[in-house]
2 protein chains.
Amino acid sequence: MRREFKKNPKVLLIDDNYEHLAGIRELLNLEGTFDVVGIATNVTVGLNLIKKYQPDIVLLDMNMPERDGLQGILEISKLGLDTKVLALSGYDDADLIFRAMKIGAKGYVLKTMASAQLIYAIEEVINGKIYLPLALSSRFFEYFQKSFKEEVAKKEADADEENLLDELTQREEEVLELLTQGITYKGVASKLFISETTVKTHVNNIFQKLQVNDRTQAVLYAINNGFLTKKVRISA
Amino acid sequence: MRREFKKNPKVLLIDDNYEHLAGIRELLNLEGTFDVVGIATNVTVGLNLIKKYQPDIVLLDMNMPERDGLQGILEISKLGLDTKVLALSGYDDADLIFRAMKIGAKGYVLKTMASAQLIYAIEEVINGKIYLPLALSSRFFEYFQKSFKEEVAKKEADADEENLLDELTQREEEVLELLTQGITYKGVASKLFISETTVKTHVNNIFQKLQVNDRTQAVLYAINNGFLTKKVRISA
DNA sequence: CGATTTATCGACCGAATGGTCTATATCTTT
DNA sequence: AAAGATATAGACCATTCGGTCGATAAATCG
């Protein structure tokens, strides 16, 4: 038996640029510590190869026509194997990086990066880590914070501006909650053990306090102002 | 004038551990390229100092009693100055890191890290970059992906299960969209230049397709099944 | 204690809603 | 050409909705 004692990790490459594909294969073969078990120039073929060889890691180009890289990540993860995906891209598009990481890519490297860094990234990912070069993680975090900036600003504004929902009495909240389930006045009356007239009185008060004219608008206001999620709201 | 030609960046420290506070001040003074303009052992005092000295960067301890670090970040950002916040913590708590970065911390370093790395982090942040050491960004990404895992899984499930909204014809969608704004039949009729009877016919068809009995339930179904965000939905 | 808020209820009324049945004109699909 | 889906519309009717006025009782607040 002339085999290595330590089995090499299986690597699969997907990239629509065949030259680049061949280049990486060559690089990894020279390195000698990886087995490139397959290459594909599109996701469809790649998926079949993954099913067949169950590689430890897939280097997946993000910038491909038709079925793009993001979709590819999702479909690979849908296979249910524990194949890791290392995203490859020619550009440091923050949005692309963000979305790729969000849906489960274990790393993201640029094609322009040095071979040594690519090797390192592959090793890290295979070892169960997540690897994003400093330059890219920087872009990622800018985008990440930007995408949450509105949310944070809104939360601050929400805290400042008085919520009309706070004007409601307990009983009115109960009525509103039932209204948001599309229950009729008669139904609300029987659920709360009060008369239909009383329900109507409460509803009228609710409308005035929320400054709306009908139940649909009241329900919309309630939803948009966190009435349903009120009790489960996060602090920061 | 014996002043330096290049003005040193102003640094402010907030940490409830006074010894640690003094230690960092000493370190930065020795370094000679920073001006420590103030120190505070709680956020309240710190905020006043920030208002007074408008530092370029604040080193803010995350693990403080009472008003905690996260709240501190929010309040500093609320001041509207462009003071950057570098979070300090004794532990690599993924949740804390995630939330701190989410609400706008420009970096996050552990107290156990080497002085040189702290200096480097401060410099990076002052230069407008976001700095997260590899070890912490790794933790961050694990947490990040975990928190999106459910969302992704749900999105896949959503794609599988047929959405009753897809049964609607174009015209019915238009009608439903107006219904979700709480517009009356008469109003919908005039907006779509059709008779009220026709609106009612469409509405009836909508109810049957969505398996509901009234407009409130229809609106709720629409919202819960992404009707309003349908056109702006992200692909992956 | 008097004033205010809150919760309850009745009666009356007009407008809006929802259901059903029928019917016509287009347009697509088989 | 026949069948099916779609958009349009009228007639009729019961129910629901929303508004208004007034009224009682309990609780709270100053």
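Coordinates for the structure precede this section.
A. Examining the overall build of chain A more closely. From N to C terminus, chain A includes 10 helices and five strands. Here chain A, with 236 residues, has 46% of them falling under the buried criterion. Look at the contacts in chain A between residues 6 or more apart in sequence, and 63% of them connect residues 24 or more apart. As displayed, chain A offers around 12800 Å² of accessible surface, 49% of which is attributable to carbon and sulfur atoms.

B. Region of interest: the protein's contact with DNA strand D. With respect to spatial proximity, 18 residues lie near DNA strand D, and among them Tyr185 and Asn204 of chain A together with Thr169, Ser195 and Thr197 of chain B are the closest. Close to the protein, within 4 Å, the atoms of DNA strand D belong to sugar or phosphate groups at a rate of 66%. Thr169 of chain B places a polar side-chain atom, nitrogen or oxygen, 2.5 Å from a phosphate oxygen of DNA strand D. At the level of elements, helix H8 (185-192) and helix H9 (196-210) of chain A together with helix H9 (196-210) of chain B are the ones that each hand at least two residues to the surface near DNA strand D. Tallying contributions element by element places H9 of chain B first for the surface near DNA strand D, with five residues. Taken together, the residues of the surface near DNA strand D sort by class into three nonpolar, nine polar and six charged.

C. Region of the structure containing the packing of aromatic side chains. Tallied over the full model, the rule gives 24 aromatic pairs over all chains. Centre to centre, the rings of Phe140 of chain B and Phe144 of chain B are 5.9 Å apart; their planes meet at 10°, and the pair counts as stacked. Of this pair, Phe140 of chain B and Phe144 of chain B are both found in helix H6 (residues 134-160), four residues apart, which corresponds to roughly one turn of the helix. Classification of Phe140 of chain B by relative accessible area gives buried; the value is 0%. Its relative accessible area of 0% is what places Phe144 of chain B among the buried residues. Among the aromatic residues, those joined into a cluster by ring pairs are Phe98, Phe140, Phe141, Tyr143, Phe144 and Phe148 of chain A together with Phe98, Phe140, Phe141, Tyr143, Phe144 and Phe148 of chain B.

D. Inspection of the packing of helix H7 (residues 170-179) of chain B against helix H8 (residues 185-192) of chain B at higher detail. Residues and elements named next belong to chain B. H8 packs onto H7 with a crossing angle of 130° between their chain directions and a minimal axis gap of 10 Å. Overall, the two elements H7 and H8 adopt an arrangement that is oblique. With respect to the hand of their crossing, H7 and H8 are arranged in right-handed fashion. Side by side, H7 and H8 meet where Arg171, Glu174, Val175, Leu178 and Leu179 of the first sit next to Tyr185, Val188, Lys191 and Leu192 of the second.

E. Spotlight on the protein's contact with DNA strand C. Taken together, 18 residues sit near DNA strand C, with Thr169, Ser195 and Thr197 of chain A together with Tyr185 and Arg215 of chain B positioned nearest. Sugar plus phosphate, as a fraction of atoms of DNA strand C within 4 Å of the protein: 65%. A distance of 2.9 Å separates a base oxygen of DNA strand C from a polar side-chain atom of Lys200 of chain B. Side-chain polar atom of Asn204 of chain B to a phosphate oxygen of DNA strand C: 2.7 Å apart, as the coordinates give it. It is H9 of chain A that contributes the most residues to the surface near DNA strand C, five residues altogether. Its residues assigned to classes, the surface near DNA strand C comprises three nonpolar, nine polar and six charged.

F. Just the pairing of strand E3 (residues 57-61) of chain B, in detail. Residue and element names in this part refer to chain B. The buried fraction of E3 is high, at five of five residues. Side chains Ile57, Leu59 and Asp61 project from E3 onto one buried face, and the interleaved Val58 and Leu60 project onto a second face that is buried too. In this sheet, E3 lies alongside strand E1 (residues 10-14) in parallel orientation, the contact comprising four bridges. Bridge pairing in E3 places Ile14 opposite Leu60. Inspection of the sheet shows E3 paired to strand E4 (residues 84-89) by five bridges, in the parallel sense. Along E4, the bridge assignment pairs Val58 with Val85.

G. Region of the structure containing the pattern of salt bridges. Residues and elements named next belong to chain A. By the definition in use, this model includes 13 salt bridges over all chains. Across the pair Arg99 and Asp95 runs a salt bridge, and its minimum N-O distance is 3.0 Å. Here Arg99 pairs with Asp95, and both are found in helix H4 (residues 94-102), just four residues apart, close to one helical turn. On the accessibility criterion, Asp95 (25% relative accessible area) is partly exposed. Measuring nitrogen to oxygen at the nearest pair gives 4.0 Å for the salt bridge that ties Glu124 to Lys129. Salt bridges here are not isolated pairs; linked through shared partners, they connect Asp15, Asp61 and Lys111.

H. Structural context of the relation of the copies chain B and chain A. If you rotate chain B by 180° and push it 0.6 Å along the axis, it lands on chain A with an RMSD of 1.2 Å. Such values leave the two copies arranged in the relation of a two-fold axis. Closest approach to the rotation axis within chain B is made by the C-alpha atom of Thr216 of chain B, at a distance of 2.6 Å.

I. Just the sheet that holds strand E2 (residues 35-40) of chain A, in detail. Residue and element names in this part refer to chain A. On the basis of which strands lie adjacent, the open sheet formed by five strands has the order E2-E1-E3-E4-E5 and parallel pairing. The open sheet has two edge strands with one neighbour each: E2 and strand E5 (107-110). Within the sheet, the average angular offset between the axes of one strand and its neighbour, ignoring direction, is 20°. As defined by bridge partners, strand E4 (residues 84-89) adjoins E5 across four bridges and the pair is classed as parallel.

J. Quick peek at the packing of helix H10 (residues 215-224) of chain A against helix H10 (residues 215-224) of chain B. Where H10 of chain A meets H10 of chain B, the closest approach of the two axes is 9 Å, and the angle between their N-to-C directions is 30°. As far as their axial angle goes, H10 of chain B and H10 of chain A are roughly parallel. The element H10 of chain A and its partner H10 of chain B pack so that their crossing is right-handed. Judged by residue contacts, Arg215, Thr216, Val219, Leu220 and Ile223 of chain A of H10 of chain A engage Arg215, Thr216, Val219, Leu220 and Ile223 of chain B from H10 of chain B. Here the contact of H10 of chain A with H10 of chain B is composed, by residue class, of six nonpolar, two polar and two charged.

What counts as what
- In this convention, every chain numbers its residues from 1, walking through the sequence in written order.
- Whichever chain is written first becomes A and whichever ligand is written first becomes 1, with later ones labelled in order.
- In keeping with the predicted nature of the model, local features appear solely for residues at pLDDT of at least 70, side-chain atom pairs appear and are counted solely at 80 or more, and the whole-chain, interface and lining totals rest on all residues.
- Calculated side-chain values reflect all of the structure's heavy atoms, with hydrogen atoms and water omitted.
- The way it works is that DSSP assigns letters per residue, a run of H or I at least four long becomes a helix, a run of E at least two long becomes a strand, and they are numbered from the N terminus.
- To sort residues, take the accessible area from a 1.4 Å probe on protein chains only and compare it with the maximum for the residue type: under 20% means buried, over 50% means exposed, and anything in between is partly exposed.
- Every residue pair with non-hydrogen atoms within 4.5 Å of one another is taken to be in contact.
- Note on areas: Shrake-Rupley with a 1.4 Å probe; residue coverage comes only from the protein chains shown.
- Summary of the distance rule: residues count as near a molecule or strand when at least one heavy atom falls within 4 Å of that molecule or strand.
- Polar contacts here mean pairs of N or O atoms no more than 3.5 Å apart (in protein, one a potential hydrogen donor and the other a potential acceptor; neighbouring residues in sequence count only if both atoms are side-chain atoms).
- In this classification, Asp, Glu, Lys and Arg are treated as charged, Ala, Val, Leu, Ile, Met, Phe, Trp, Tyr, Cys and Pro as nonpolar, and every other residue, Gly included, as polar.
- Working definition: rings of Phe, Tyr and Trp (its six-membered ring) pair if their centres are within 6.5 Å, and the pair is stacked with planes under 30 degrees apart, edge-to-face with planes over 60 apart, and tilted otherwise.
- Angles here are taken between N-to-C directions and fall from 0 to 180 degrees, while the axes themselves are lines fitted to C-alpha atoms, restricted in helices to the stretch in contact.
- Note that the term roughly parallel is reserved for angles under 35 degrees, roughly antiparallel for angles over 145, roughly perpendicular for angles of 65 to 115, and oblique for everything else.
- Crossings are assigned a handedness: left-handed for a near helix turned anticlockwise from the far helix by less than a right angle, right-handed for a clockwise turn.
- One bridge is not enough; two strands pair if DSSP finds at least two bridges between them.
- Here, a salt bridge means any Lys or Arg side-chain nitrogen found within 4 Å of an Asp or Glu carboxyl oxygen.
- The superposition of copies rests on a least-squares fit of C-alpha positions from residues with pLDDT of 70 or more in both.

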